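# Summary of the model geometry
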Amino acid sequence: MAALPFRLPRGKDLSRTPVAVADVRCKTQRGYLLSAYTRLGALQRAWLDEHADILRDWNALQKAQDEIARASQPSRFLPCRSAAEDEG
C-alpha cells in the first residue's frame, strides 16, 4: 500500500478528495489528530527551549518580512475597522 501523500491527486482541493476526507475523519474520531498535534507542540517547545537562538532568529526574520511587506503594500495592512465604525 502506497503512502497517503503519494496516492493523493496533485493539483486538487484535498478537502474534496475522498481519501483525504476519510483519513482525517478516521483520525479525528479516534483522537489521533489532537494527540499527535499535542505531542508535536510539546516536542517543538522542548526543542526551541534548547535552541533559543533559532527562535530569536526566526522572530527577527518574521519581523523583517513583515516590515518589507508593509512598506511595499501599506494599504493592505491598514487596521480593520469595526462594524460600528462602518455604520457611523
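Remember, predicted model here, so these are calculated numbers, not experimental data. (Residues numbered from 1 in each chain as written. Predicted model: local features only at pLDDT ≥ 70, side-chain atom pairs only at ≥ 80, totals over all residues. Heavy atoms only, no water.)

### Observations concerning the pattern of salt bridges
Side-chain pairs of opposite charge can arise whenever the charged atoms involved come near each other. On inspection of all chains with the given rule, the structure shows four salt bridges. A salt bridge links Lys 27 to Asp 23, with the shortest nitrogen-to-oxygen separation between them at 3.2 Å. Separated by four residues within a single helix, Lys 27 and Asp 23 lie in helix α2 (residues 18-29), roughly one turn from each other. Relative accessible area serves as the criterion here: at 23%, Asp 23 is assigned to the partly exposed category. The partner of Glu 67 in a salt bridge is Lys 63, and the shortest N-O contact between them spans 3.9 Å. Residue Glu 67 and its partner Lys 63 are located together in helix α4 (residues 52-72), separated by four residues, close to a single helical turn. (Salt bridge = Lys/Arg side-chain N within 4 Å of Asp/Glu carboxyl O. Helix = DSSP H or I, 4+ residues; strand = E, 2+ residues; numbered from the N terminus. Buried < 20%, exposed > 50% of the residue type's maximum accessible area, 1.4 Å probe, protein only.)

### Concerning the packing of helix α3 (residues 32-50) against α4
Viewed as axis vectors pointing N to C, α3 and α4 meet at an angle of 100°, and their least axial separation amounts to 5 Å. Here α3 is positioned roughly perpendicular relative to α4, judged by the angle of their axes. Where α3 approaches α4, its residues Trp 47, Leu 48, Asp 49 and Glu 50 are matched on the opposing element by Ala 52, Ile 54 and Leu 55. Tallied by class, the residues present in the contact of α3 with α4 amount to five nonpolar, no polar and two charged. (Axes fitted to C-alpha atoms, helices over the stretch in contact; angles between N-to-C directions. Parallel < 35°, antiparallel > 145°, perpendicular 65-115°, else oblique. Contact = heavy atoms within 4.5 Å. Nonpolar A, V, L, I, M, F, W, Y, C, P; charged D, E, K, R; others polar.)

### Describing the confidence of the model for the protein chain
For the protein chain, per-residue confidence averages 82 on the pLDDT scale, and residues scoring 70 or more make up 75% of the total. Looking across the protein chain, the model is least confident in helix α5 (residues 83-87), with a mean pLDDT of 55, and most confident in α3, with 93. (pLDDT = per-residue confidence, 0-100.)

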